[in-house]
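Descriptive analysis of the structure
The primary structure of each chain is shown beneath.
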Amino acid sequence: RVFAFRDARWAPDPVKGPFAAVRGPHPAPLVIDNGSFQTRAGWACPDPSVPAEPLLRFRSLAARSRGARGGAGAETQVGNDLGSAEPLRWLLRSPFDRNVPVQLELQELLLDHVFQRLGVSSQGCVDHPIVLTEAVCNPLYSRQMMSELLFECYQVPKVSYGVDSLYSFYHNRRQNWPCSGLVISSGYQCTHILPVLEGRLDAKNCKRINLGGCQAAVYLQRLLQLKYPGHFAAITLSRMEEILHEHSYIAEDYIEELQKWRCPEYYENNVHKMQLPFSNKLLGSTLTSEEKQGKRQQQLRRLQELNARRREEKLQLDQERLDRLLYVQELLEDGQMDQFHKALVELNMDSAEELQSYINKLSVSVEQTKQKILQSEVNIEVDVVDSKPETPDLDPLGSEQSLEDVESINEFEPLFAEEQPEAEKPVAAVQPVFNLAEYHQLFLGTERIRVPEIVFQPSLIGEDQAGIAETMQYVLERYSKEQQAVLVQNVFLTGGNTMYPGLKARVQKELLEMRPFQSSFQVHLASSPVLDAWYGARDWAVEHMSREEGWITRKDYDEKGGEYLKEHCASNVYVPIRLPKQAPRAAEAAAPGRALASGTG
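Just so we're clear, the structure is a prediction, and the values are computed from it rather than from any experiment. Numbering of residues starts from 1 in every chain and runs along the sequence as written. For this predicted model, a pLDDT threshold of at least 70 governs which residues receive local features, and a threshold of 80 or more governs which side-chain atom pairs are given and counted, while totals over whole chains, interfaces and linings are taken from all residues. Processing note: side-chain calculations cover all non-hydrogen atoms of the structure and skip hydrogens and water entirely.

A word on the overall build of the chain
Quick note on the threshold: The helix count covers DSSP runs of H or I at least four residues long, the strand count covers runs of E at least two residues long, and both are numbered beginning at the N terminus. When checking whether two residues touch, look at their non-hydrogen atoms; a contact exists if any pair is within 4.5 Å. We get accessible surface area from the Shrake-Rupley algorithm with a probe of 1.4 Å; when it comes to residues, only the shown protein chains can shield them.
Across its full length, the chain holds 21 helices and 20 strands. For the chain, the proportion of contacts with a sequence separation of at least 24, taken over those separated by at least 6, is 72%. Counting only carbon and sulfur atoms, one obtains 52% of the accessible surface of the chain, whose full area is about 33,300 Å².

With respect to the nonpolar core
Just so we agree on the cut-off: Working definition of a nonpolar core: buried Ala, Val, Leu, Ile, Met, Phe, Trp, Tyr and Cys residues. They are joined through side-chain atoms within 4.5 Å. Exposed residues in this analysis have more than 50% of their type's maximum accessible area, buried residues have under 20%, and partly exposed residues fall in between, with area computed by a 1.4 Å probe over protein chains only.
Core analysis: the largest hydrophobic core is formed by 45 residues, its most contacted members being I184, L224, I243, L442, M472, V507 and L511. Mapped by element, the contributors of at least two residues to this core are β12 (181–186), α5 (213–227), α6 (237–247), β17 (441–444), α16 (468–476), β18 (491–494) and α18 (503–514). If one sorts the elements of this core by residue count, α5 sits on top with 6 residues. Filtering out sequence-adjacent residues up to four positions away, L224 remains in contact with I235, M240, I243, L442, L444 and E447.

Here we look at the UniProt feature "coiled-coil region" (unreviewed entry) in the chain
Applied cut-off: UniProt positions are given in the numbering used here, feature names are shortened, and annotations may be inferred rather than shown by experiment.
Under the local residue numbering, the UniProt record ascribes the feature "coiled-coil region" (unreviewed entry) to residues 289–323. Along residues 289–323, the helical share is 100% and the strand share 0%, with 51 Å between the first and last C-alpha atoms.

Focus: helix α4 (residues 164–171)
In terms of burial, α4 is a largely internal element, 6 of the 8 residues being buried. When α4 is considered as a whole, its buried residues turn out to be S165, L166, Y167, S168, F169 and Y170.

Some words on the sheet that holds strand β10 (residues 130–134)
Let me state the cut-off plainly: Two strands pair under a simple rule: DSSP has to find at least two bridges between them.
Reading across the sheet, the 6 strands line up as β4-β3-β2-β10-β11-β20 and stay open at both edges, with mixed pairing between neighbours. Every other strand in the sheet has two partners, leaving β4 (56–59) and β20 (552–553) as the edge strands with one partner each. Across 4 bridges, strand β3 (residues 38–43) lies against β4 in antiparallel orientation. Within β4, the position partnered with Q38 by the bridge is R59.

Considering the pairing of β12
Burial runs high along β12: 6 of the 6 residues are buried. Residues of β12 alternate between two faces, with G181, V183 and S185 on one and L182, I184 and S186 on the opposite face, all of them buried. When β12 meets strand β13 (residues 191–197), the two strands line up antiparallel, connected through 6 bridges. Bridge assignment links V183 to a residue of β13, and that residue is L194. Hairpin connection, β12 to β13: the antiparallel pair is bridged by 4 residues. Relative to β18, β12 runs parallel, the two sharing 4 bridges. Bridge pairing links L182 to V491 in β18.

Overview of the pattern of salt bridges
Applied cut-off: A carboxyl oxygen of Asp or Glu within 4 Å of a side-chain nitrogen of Lys or Arg is what we treat as a salt bridge.
Evaluation of the coordinates by the stated rule reveals 20 salt bridges. E241 is paired through a salt bridge with R59; the nearest N and O atoms lie 3.6 Å apart. Of this pair, E241 sits in helix α6 while R59 sits in strand β4, and the two are 182 residues apart along the sequence. On the basis of relative accessible area, R59 is assigned to the buried category, the value being 11%. The partner of E152 in a salt bridge is R554, and the shortest N-O contact between them spans 3.5 Å. You can see E152 sitting in helix α3 (residues 140–153) and its partner R554 sitting in helix α20 (residues 554–560), a full 402 residues away along the chain. On the basis of relative accessible area, E152 is assigned to the partly exposed category, the value being 39%. Classification of R554 by relative accessible area gives partly exposed; the value is 27%. If you follow the salt bridges from partner to partner, you end up with E152, R554 and D558 in one network.

Describing the packing of α5 against α6
Here is the rule we go by: Every axis in this analysis is a line fitted to C-alpha atoms, fitted for helices over the stretch in contact. Angles between the N-to-C directions lie between 0 and 180 degrees. Angles below 35 degrees are treated as roughly parallel, those above 145 as roughly antiparallel, those between 65 and 115 as roughly perpendicular, and all remaining angles as oblique.
Running from N to C, α5 and α6 cross one another at 110°; their axes reach a closest spacing of 9 Å. Classed by the angle they form, the pair α5 and α6 counts as roughly perpendicular. Taken together, the residues of α6 that come into contact with α5 (itself represented by G213, A216, A217, V218, L220, Q221 and L224) are L237, M240, E241, I243 and L244.

Topic: the sheet that holds β17
What the 3 strands build is an open sheet, ordered β1-β16-β17; its pairing is mixed. Edge positions in the sheet fall to β1 (2–4) and β17, since each has one partner strand and no second. Here the strands of the sheet are splayed against their neighbours by 30° on average, with no regard to which way each runs. The pairing of strand β16 (residues 272–275) with β17 spans 4 bridges and is antiparallel. Residue pairing in the sheet places K273 in a bridge with F443 of β17. Packed onto the sheet, α6 meets β1, β16 and β17 and runs at close to 145° relative to β16.

Right under this line is the structure:
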């Protein structure tokens, strides 16, 4: 059970050619599932030549590069054009705060990417209706800014807003399905419990849990970094998301599952080992004595070149200082006493005797350095012996050079000691002390169930929130017993964070514990929890293409404002802003006059 990380790179999205059926007499709607984790876009056209699936799928991220020095300016990359998230992790930006778009300049970059790659060929505007998903109970300000962006910047003819989880519920409806149900939607940032009664969302009793796939990935990264501090940098968020998608599951009974993991046999049979990339190069080397001698000779020559370079630099500095001192001495000999005393002050000297002493010392030092340089040029070839090199072998002059060379040689002593052959023996392969591949493995035991459990027990990561089971019970208790029985007959799971194996069984177990004895309930999982929101939005757009229901036109935007929403079966509930009525100014001005007249009377 050893699994390798794929570390897949994102392939840049190609520019799709325009479909003739999309342009038609009536432009086909463009469906955009604007998710905080991934953006999905495609056409809603009944023509069979147009694919009935999202043509674009990319992460809702953008990064702005710094640009080359003196070259082209900074470049902004979006979605799959980034290639991989990890090298640009600290430059990535998202338009979302939780699941609500708040950075509209980044949202504009994502929409530009969508329109360009889908081949929207209209000049100066986007003449296709837009179907866009939004968050549950989306703030009016966010919808206002989004409508302003679509109508003012892109000049779209009309737009429709809907909730992604309700679109998924709409797409998965089957014959004899009740129009009511309890939708559990868990995504990248949030988890929602949405009661639907008679086909409409009951917004007053919706509840949100601020936990999703993002918090699970961060929690798993923190656990593994504490468990394997030697691989801190290799435990990245992208790899944690891969582990969550492919190796995690939700236990039907968390405590009972933990007891199973305490058994060594169960642990060995169920642990998943994630193989980190590593180099097969051994720490030791199988060099012959001739190769070792050549390597030592190369190292000693490099050391000799380094010492020669240092001597030349020292000679240059000493020569410059000596020339300066001789110039000051010439001032004394020429009788220029004022300039001489001024130069002595600059040199921090007190008398001519001190100046002469410094000149003598520097002269001797310069002469010795010149001799060392000449000697090193003559003795280029160094005889290399297997024993430790002694000081006279490196410094025949026996002066200051020996101290420098010995200090530099001492840095290489451990290396030389490792390479000294004890005796002439046949060279054998060096076996590593431990298994290098196993050292670069991450063992996933209880982490496989511990991390997804946070949506049921947020206290595991220190969050003071209720889990899915408590929130679901709280929502149900706000209805009568008859309505509760109707809602639990269609508990619907959707969203990318509901794809864990065992989630459906866990929700059934929680419902069994909270519902009355011998009561019935049904739990359904979306056919495609990730893409059903886009499919549902497409189904709605195809059915309502020629209707006015649910579409906000440019006239509605101009008359009623950007926060206006036309409701439909998969939309939010529109709650307009009600400002308190102010008294007319004329009445306010007349009131003090009447009070003054009554006081005078």
